[in-house]
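Here are the chains, one letter per residue:
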Amino acid sequence: MANSDCKDILNLLPLYMDNMLSEEETDIVSRHLESCESCKRELLYITSISKSTAALSDIEVPRDFSKNIIEKAKEIQSKKRARRIAFFRCTSTAIATAAVVALCVVNIPKTADINKNQTPQNTATPTTDISEIPASHSAPVAENTSLTPAPSTKATEESTPKTTKLPDETPTSGGGSSAFTEYPQNAAAVLCDEDSFVIATVTIPEDMRAQALEILSSCPQDEKGYKAQDIHAILQKLSELGATIETKTDTALTENYIIIG
Amino acid sequence: LSDKNLIKKIKSGDIEAFAKLVSQYEKKAFSFAFRMLKDSRDAEDATQEAFLRVYNKINTFREDSSFSTWFYTILNNICLDILRKRSRAVETVSIHQSDSENDEYELQIEDTTQSPHEKLQKKEAQNLLNSALSSLSEEHRAVIILRDINGFEYDEIAKILNISLGTVKSRISRARQALGKILENNRELFL
């Protein structure tokens, strides 16, 4: 190859040294180098620079660099836990209402029977499948049979249990922090808001789990999760299967929900 | 422990595993950030931010690429953000040190006329190289560091920088030629 080709060869050398040229280009460069001392020296030069660069010492990290990172990571972790615990302790939620509504609809005949004998506003909740559903939640549903959740209102009766319980219930947690710092292991699904904070857990009998997961996977969702308008239908389908839906937070309804199955 | 095992543990909430991951990556990561940003405090902030983003987002890491590729993608993006903010803040400086590929040749190394002693040659070469690297454009600097210092393959560099393989090739080619040109006056140190 003539000297006039050296310019082209020099442009190929940086990739030639990394074996990143095509077979044809590699062949051309190799043949040129056999007869061109100048390009051979250039190859040696840029290869040497590359090796020297690879041998450059790392820059010394500042003192306590990793320690500071770990401390910040721990802060993040404890904040997340604290928020989960705080949410868990709040028992009245819009989702609770939605879940209760859904369950009440499923159990309308029983609720209706109850209402025949008792004043709606002051109903002392009887012992039934839905014995722990407060009357204030069940009564409007019995009247409206609507799936539209009530507005997110703070509970006035903090002591009133809002947990919806069905047969085959498996309690998912108690009041202590250790039970809910992580998602309950026996939950078939966990309903979260967009920040991954648990809004409700769905526990389901073992033999029904496959069907429950099928329901979850068949319901429409986008990259942000399930839409608010679909959540109530999903919860209803799950409760029809015999699910226990236990709410965790008092957060307002968010636009999108994530269900971790 | 391998990255894969550490990631698995971190996903399950093991903070000690995260500490190990940090210790495995901190030197190279900080060095990358320092060489990109040319400022120790900014490099510290960028590297710390990258690690904390990794910690926060570890559950979104799907492991269809290596952890190091994912990590350096995050770190490089943070560095680019800092550089962009800087260039917006100091417009007059950016005019003289623009990203134009030819401008880097204007930034020659200072005082290279004196011959170094034999025993100092290696150190001298390292200093010259560090200076030469810092005078490269950001784009060229990034590919040289990722390829020659961190040892990434071309396709991994393409992922980290979010550019095509062809662009990686042309950038590496030009960056190496640029380095060669900058160090021309000290060629004997590299032969």
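Just so it is clear, the structure is predicted and the values come from calculations on it, not from any experiment.

K.L.:
How should the overall build of chain B be read in this particular structure?
P.N.:
When helices and strands are tallied, chain B shows nine helices and zero strands. The buried share among the 191 residues of chain B stands at 46%. Of the contacts formed within chain B by residues at least 6 apart in sequence, a portion of 64% connects residues at least 24 apart. As displayed, chain B has an accessible area near 10,000 Å², and 45% of this comes from carbon and sulfur atoms.

K.L.:
Before we go on, may I ask you to explain the overall build of chain A in this structure?
P.N.:
Looking only at helices and strands, one finds nine helices and five strands in chain A. Reading the secondary structure of chain A in the N-to-C direction produces α-α-α-α-α-α-α-β-β-α-β-α-β-β. Among the 261 residues that make up chain A, the fraction classed as buried is 42%. Carbon and sulfur atoms form 49% of the exposed surface of chain A, whose accessible area is close to 13,700 Å².

K.L.:
Any chance you could explain the pattern of salt bridges here in plain terms?
P.N.:
One side chain can pair with another of opposite charge once the charged atoms of both are near each other. In the structure shown here, the tally under the stated rule is 14 salt bridges over all chains. The partner of Arg31(A) in a salt bridge is Asp27(A), and the shortest N-O contact between them spans 3.5 Å. Of this pair, Arg31(A) and Asp27(A) both sit in helix H2 (residues 23–35), four residues apart, roughly one helical turn. Classification of Asp27(A) by relative accessible area gives partly exposed; the value is 40%. Linking Asp58(A) and Lys28(B) is a salt bridge whose minimum nitrogen-to-oxygen distance equals 3.1 Å. In this pair, Asp58(A) is assigned in the loop between helix H3 (37–54) and helix H4 (65–89) and Lys28(B) in helix H2 (residues 15–37), connecting two distinct chains. Counted as one network, the salt bridges with shared partners bring together Asp18(A), Arg147(B), Asp148(B), Glu153(B) and Arg176(B).

K.L.:
Even after reading the chapter, I still don't get helix H8 (residues 154–161) of chain B, so can you show me in this structure?
P.N.:
In an α-helix, one full turn covers 3.6 residues, which means residues spaced three or four apart are oriented alike. Among the residues of H8(B), those classed as buried are Tyr154(B), Ile157(B), Ala158(B), Ile160(B) and Leu161(B). Projected down its long axis, H8(B) shows its buried positions confined to an angular sector of 165°, all on one face. Here the buried face of H8(B) lies against helix H1 (6–16) of chain A together with helix H4 (67–89), helix H7 (138–149) and helix H9 (165–182) of chain B. After H8(B) finishes, the residue Asn162(B) shows a positive phi value of roughly 55°.

K.L.:
What is the right way to look at the confidence of the model for chain B in this model?
P.N.:
Regions with low pLDDT carry predicted coordinates that are not meant to be interpreted in detail. Residues and elements named next belong to chain B. This prediction gives chain B a mean pLDDT of 85; 84% of its residues lie at or above 70. Residue range residues 92–111 is modelled with pLDDT below 50. Its contacts to residues more than four positions away, or to other chains, number 22 contacts. Across the predicted assembly, pTM comes out at 0.58 and ipTM at 0.83.

K.L.:
Explain the side chain of Thr53(A) to me, please; I cannot follow it from the model alone.
P.N.:
When you line up the elements, Thr53(A) lands in helix H3. Beyond its immediate stretch of four places on either side in the chain, Thr53(A) contacts Leu129(B), Leu133(B), Ile144(B), Asp148(B), Ile149(B) and Leu179(B).

K.L.:
How should I be thinking about the interface of chain B and chain A in this particular structure?
P.N.:
The parts lose accessible area when they come together, and the size of an interface is often stated as this lost area. Between chain B and chain A, the contact holds 40 residues from the first and 37 residues from the second. With both chains or domains summed, chain B and chain A bury close to 3,700 Å², and 63% of this area falls on carbon and sulfur atoms. Among the residues chain B hides against chain A, the three largest losses belong to Gln48(B), Arg176(B) and Phe190(B). Together they make up 15% of the total. There are 17 residue pairs in polar contact (both at pLDDT 80 or more) connecting chain B and chain A. Only H2, helix H3 (40–57), helix H6 (121–135), H7 and H9 of chain B provide two or more residues apiece to the side of chain B that touches chain A. Ranked by residues supplied to the side of chain B that touches chain A, first place goes to H2(B) with eleven residues. For the side of chain B that touches chain A, the class distribution of residues is 19 nonpolar, ten polar and eleven charged.

K.L.:
Explain the side chain of Ser50(A) here, please?
P.N.:
By the element assignment, Ser50(A) lies in helix H3. A distance of 3.0 Å separates polar atoms of two side chains, one belonging to Ser50(A) and the other to Asp148(B). When residues no more than four places from it in sequence are discounted, the contact partners of Ser50(A) are Met17(A), Asp148(B) and Arg176(B).

K.L.:
What should I look at first to understand the nonpolar core in this one?
P.N.:
Judged by nonpolar contacts, the single largest core of 81 residues is most densely connected at Phe18(B), Phe51(B), Phe67(B), Phe71(B), Tyr72(B) and Leu75(B). When residues of this core are assigned to their parent elements, the largest contribution, twelve residues, is made by H2(B). Residues in contact with Phe51(B), not counting those within four places in the same chain, are Phe65(A), Ile69(A), Phe18(B), Leu21(B), Val22(B), Tyr25(B), Glu26(B), Ala29(B) and Phe71(B). One finds Ile215(A), Leu216(A), Ile231(A) and Leu241(A) within the second-largest nonpolar core, a separate group that totals 13 residues.

K.L.:
What's the story with H6(B) in this structure? I'm lost.
P.N.:
The first and last C-alpha atoms of H6(B) sit 21 Å apart over 15 residues, in line with the 21 Å expected at 1.5 Å per residue. Of the residues making up H6(B), those classed as buried are Ala125(B), Gln126(B), Leu128(B), Leu129(B), Ala132(B), Leu133(B) and Ser135(B).

K.L.:
Honestly, the packing of aromatic side chains in this entry has me stumped. Any pointers?
P.N.:
To describe a pair of aromatic rings, you give the distance between the ring centres and the angle between the ring planes. All names here are of chain B. All chains considered together, the criterion is met by 13 aromatic pairs over all chains. Ring geometry for Phe32 versus Tyr72: centroids 5.5 Å apart, planes at 80°, classification edge-to-face. On the criterion of sequence distance, the pair formed by Phe32 in helix H2 and Tyr72 in helix H4 is long-range, its members being 40 residues apart. Taking the relative accessible area as the measure of exposure, Phe32 reaches 1% and is therefore buried. Three or more aromatic residues joined by ring pairs form one cluster here, namely Tyr25, Phe32, Phe51, Phe61, Phe67, Trp70, Phe71, Tyr72 and Phe152.

K.L.:
For this particular structure, what's the right way to read the confidence of the model for chain A?
P.N.:
Residues at a pLDDT of 70 or more form 44% of chain A, whose mean pLDDT is 61. Ignoring residues within four places in sequence, the model shows residues 87–185 of chain A, a span with pLDDT below 50, making 166 contacts including any to other chains.

Thresholds applied
- Residues numbered from 1 in each chain as written.
- Chains lettered and ligands numbered in written order.
- Predicted model: local features only at pLDDT ≥ 70, side-chain atom pairs only at ≥ 80, totals over all residues.
- Heavy atoms only, no water.
- Helix = DSSP H or I, 4+ residues; strand = E, 2+ residues; numbered from the N terminus.
- Buried < 20%, exposed > 50% of the residue type's maximum accessible area, 1.4 Å probe, protein only.
- Contact = heavy atoms within 4.5 Å.
- Areas by Shrake-Rupley, 256 points an atom, 1.4 Å probe, with all protein chains shown as cover.
- Salt bridge = Lys/Arg side-chain N within 4 Å of Asp/Glu carboxyl O.
- Arc of directions from axis to C-beta.
- pLDDT = per-residue confidence, 0-100.
- Buried area = accessible area lost by both parts, 1.4 Å probe.
- Polar contact = N/O pair within 3.5 Å; in protein donor to acceptor, adjacent residues only side chain to side chain.
- Nonpolar A, V, L, I, M, F, W, Y, C, P; charged D, E, K, R; others polar.
- Core = buried A, V, L, I, M, F, W, Y, C linked by side-chain atoms within 4.5 Å.
- Expected span 1.5 Å × (residues − 1).
- Phe/Tyr/Trp six-rings, centres within 6.5 Å; stacked < 30°, edge-to-face > 60°.

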